[in-house]
Amino acid sequence: MPIPREPAEIQKGTGADVLSGQALIKNSKGIDVTQLYLSGAQKVLAMLESHNVQVVILKENSPSCGLCYIHDGEFRGRLVEGSGVCAQLLKNHDFKLFNEHQIDEVSHLDE
């Protein structure tokens, strides 16, 4: 995906709904970018598995990496509980996931 890119949000659902085919991700121009996000999530999963990564820190509120919250799909800045596509895929594969607000918790994993 290009950088910068149009903002995108999950429409009427969460990452779990996108993974099950029940929701789409559209950018602020109304273009369906679901397949780009699904492809990206699969690539992240493959990379993490190939490098035996156990712990992942994700960016909260993202339609891809939101761990606890994502935008509501209306492009009005409101958040709802739920995970993004990549976060949900990694949850499904039992990775230890944290967001940027939980970095202190990561540093205590070996204790």
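Refer to the preceding data block for the structure.
Residues numbered from 1 in each chain as written. Predicted model: local features only at pLDDT ≥ 70, side-chain atom pairs only at ≥ 80, totals over all residues. Heavy atoms only, no water.

(A) Representation of the state of the cysteines in the model. Per the counting criterion, the structure on display carries zero disulfides. The thiol sulfur of Cys65 is not disulfide-bonded, and the nearest other cysteine sulfur, from Cys86, lies at 5.0 Å. We note that Cys68 lacks a disulfide partner, and the nearest cysteine sulfur, in Cys65, lies 13 Å from it. (Disulfide = S-S within 2.5 Å.)

(B) A look at the pattern of salt bridges. According to the stated counting rule, one finds four salt bridges in the structure shown. Linking Glu6 and Lys29 is a salt bridge whose minimum nitrogen-to-oxygen distance equals 3.8 Å. Taken together, the residues span a long stretch of sequence, with Glu6 in the segment before strand E1 (8–11) and Lys29 in the loop between strand E2 (24–27) and helix H2 (34–50) at a distance of 23 residues. Taking the shortest distance from any N to any O, the salt bridge between Glu74 and Arg76 comes out at 3.6 Å. (Salt bridge = Lys/Arg side-chain N within 4 Å of Asp/Glu carboxyl O. Helix = DSSP H or I, 4+ residues; strand = E, 2+ residues; numbered from the N terminus.)

(C) The arrangement of H2 in detail. With 17 residues, H2 extends 24 Å from end C-alpha to end C-alpha; this agrees with the ideal 24 Å at 1.5 Å per step. Among the residues of H2, those classed as buried are Thr34, Tyr37, Leu38, Ala41, Leu45 and Leu48. With its buried residues spanning 100 degrees around the axis, H2 presents them on a single face. Facing away from the buried side of H2 by over 90 degrees, the exposed positions are Gln35, Lys43 and Ser50. Along its buried surface, H2 packs onto E1, helix H1 (15–19), E2, strand E3 (55–58) and helix H3 (85–92). Where H2 terminates, the next one or two residues include Asn52, which has phi positive at roughly 55 degrees. (Expected span 1.5 Å × (residues − 1). Buried < 20%, exposed > 50% of the residue type's maximum accessible area, 1.4 Å probe, protein only. Arc of directions from axis to C-beta. Contact = heavy atoms within 4.5 Å.)

From the geometry alone we can't say anything about function, so treat these as descriptive.
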